[in-house]
Each structure stands twice: as structure tokens, then as C-alpha cells.
Amino acid sequence: MTDLNKKYSNKYENYYKKSDSNWRFICALDKAENIINLTNKYPHNKILEIGAGDGSILKILDKRDFGDKYTALDISQSAIDKINNEKIKRLDKSQVFDGYSLPFDSNEFDLVILSHVIEHLEYPRKLIYESIRVGKHMFVEVPCEDNMRLSSNYVENETGHINFYNPNTIRRLLQTCGLRLLDQQLSNP
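Peer 1: With reference to specific residues and values, describe the pairing of strand β3 (residues 91-96).
Peer 2: Across 5 bridges, the pairing between strand β2 (residues 69-74) and β3 is parallel. Bridge assignment links Tyr-70 to a residue of β3, and that residue is Leu-91. Following the chain from β2 across helix α5 (residues 77-85) to the adjacent parallel β3, one finds a crossover that is right-handed.

Next comes the structure, spelled out in C-alpha cells:
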């Protein structure tokens, strides 16, 4: 049994078999650029991407010669299958995980990437603490949906977002997990 609520894990199980990979690749262009811009000055040889989806970000980082060795995790077997079919030369391994527990040693990675993951989690701090444990540096990116357009009541939609952030609330979440923010950037792709 996984720690991840079955409602949420089932939502993504076949997601990458049917959804639009062109759209994800276009979105990944800005995400990868943000990763490079904000983390290039820190060690980034060994990279873990959590919630790697179809591997679009890693594929772009690979083409940009960013880092040396990649590991990809996702809760969905369809995502891992998609990643394994890509030609990502720096990909060392990819595997399904339970959504919270990371099967790695402490400080095993130079950089842990959580790009558009935290907003999907029931227990974001649980994964953040695990990410802190296995990585020396972390890159976190979330959509800033906590704004005037956010409805008063939660309505489930296809994005699967259950948490909503603005620049201050994501900063405070990370700080309350014991992280020191080295850089922060707001972008509008």
C-alpha cells in the first residue's frame, strides 16, 4: 500500500498514455530555463527530478548539457514508461515511487527538482523533508494560483491541484521546513 491517497494516485496512473506531450514539452522549456538560471551556480552534477512526468524537463536539461547524471521518480508507471522511451542520454534510472518516501541515501544528489509537484500533494512537507534529506540543493517551482481569480470554494479539475500558492505562501512553506532560500524568481510564461 502506498502513502499516497488512492484517489490521487489513480488520477495519474494512465495520464501519460492519453495526454498531450507536446503541451508538456512547450511548458517544460520555461521550467528548464528557470532551473538553469537559478541553480547553475550551485553543484548540479547528480540530479533527481521528483514528479518527472513524461521527462520533458530532463530531456531539455539533457540537450542543454546541464548536469551529468539524472534520476527520475513519478507515482505513475505510465510516466516512467514514457521517460524510458525518450532518448535522454544522462538518465541513469527512472522508477515509480510512493509519492513521499525517497529510496535514496542522505545527500545522494546535488540537486533535487520539484517542478509543479507541491501543488498536487496532500502532505507537501512530508516530501519536502525527504527531498532535503537526499539533496544538497533543491529547486521548487509552483504555479502562483493563489490570487484574486482563485474561487472561494475548491472545485476539482483536470490539473489535480489541491494546494494553491502565491510567492509569499510558497516561500513560507519552504522556510517552515527549515530551508534557506538562496534565490527566488517570479515568471509568467
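Read on for the rest.
Peer 1: I'd love a proper account of the packing of helix α6 (residues 124-134) against helix α7 (residues 167-176), names of residues and values included.
Peer 2: Where α6 contacts α7, the axes come no closer than 10 Å and their chain directions differ by 55°. The angle between the axes of α6 and α7 places the two elements in the oblique class. For the crossing formed where α6 meets α7, the hand is right-handed. Of the residues in α7, those touching α6 at Pro-124, Arg-125, Ile-128 and Tyr-129 are Leu-173, Leu-174 and Thr-176. Among the residues making up the contact of α6 with α7, the classes are represented as 5 nonpolar, 1 polar and 1 charged.

Peer 1: Any chance you could break down unusual backbone geometry for me, citing the residues and the numbers?
Peer 2: Here the phi dihedral of Asp-65 falls at roughly 60°; this positive angle occurs in a residue that is not glycine. When its relative accessible area of 51% is taken as the criterion, Asp-65 is described as exposed. One non-glycine residue with positive phi stands out, namely His-116, at about 60°. Considering the arrangement of structural elements, one finds His-116 in the loop between β4 (109-115) and α6.

Peer 1: Give a description of the sheet that holds β2 that names residues and reports values.
Peer 2: As summarised here, the arrangement of the 5 strands in space is β3-β2-β1-β4-β5, forming an open sheet in which the pairing is parallel. Two strands bound the open sheet, and with one partner strand each, they are β3 and β5 (135-141). For this sheet the average axis-to-axis angle between neighbouring strands, irrespective of direction, equals 15°. Pairing analysis gives 6 bridges linking β4 to β5, with the strands arranged parallel. Its bridge partner lying in β5, Ile-113 is registered against Phe-139.

Peer 1: Help me get a handle on the side chain of Asp-54, residues and values and all.
Peer 2: Looking at the secondary structure, you find Asp-54 in the loop between β1 (46-50) and α4 (56-63). In this structure Asp-54 comes out as buried when scored by relative accessible area, which is 5%. In this structure the side chain of Asp-54 is engaged in a polar contact, spanning 2.7 Å, whose partner is the side chain of Ser-56.

Calculation rules
- Residues numbered from 1 in each chain as written.
- Predicted model: local features only at pLDDT ≥ 70, side-chain atom pairs only at ≥ 80, totals over all residues.
- Heavy atoms only, no water.
- Pairing = 2+ DSSP bridges.
- Helix = DSSP H or I, 4+ residues; strand = E, 2+ residues; numbered from the N terminus.
- Right-handed = clockwise from strand over helix to strand, strands pointing away.
- Axes fitted to C-alpha atoms, helices over the stretch in contact; angles between N-to-C directions.
- Parallel < 35°, antiparallel > 145°, perpendicular 65-115°, else oblique.
- Left-handed = near helix turned anticlockwise from the far one by under 90°.
- Contact = heavy atoms within 4.5 Å.
- Nonpolar A, V, L, I, M, F, W, Y, C, P; charged D, E, K, R; others polar.
- Buried < 20%, exposed > 50% of the residue type's maximum accessible area, 1.4 Å probe, protein only.
- Polar contact = N/O pair within 3.5 Å; in protein donor to acceptor, adjacent residues only side chain to side chain.

Any functional reading would require information beyond the geometric quantities listed.
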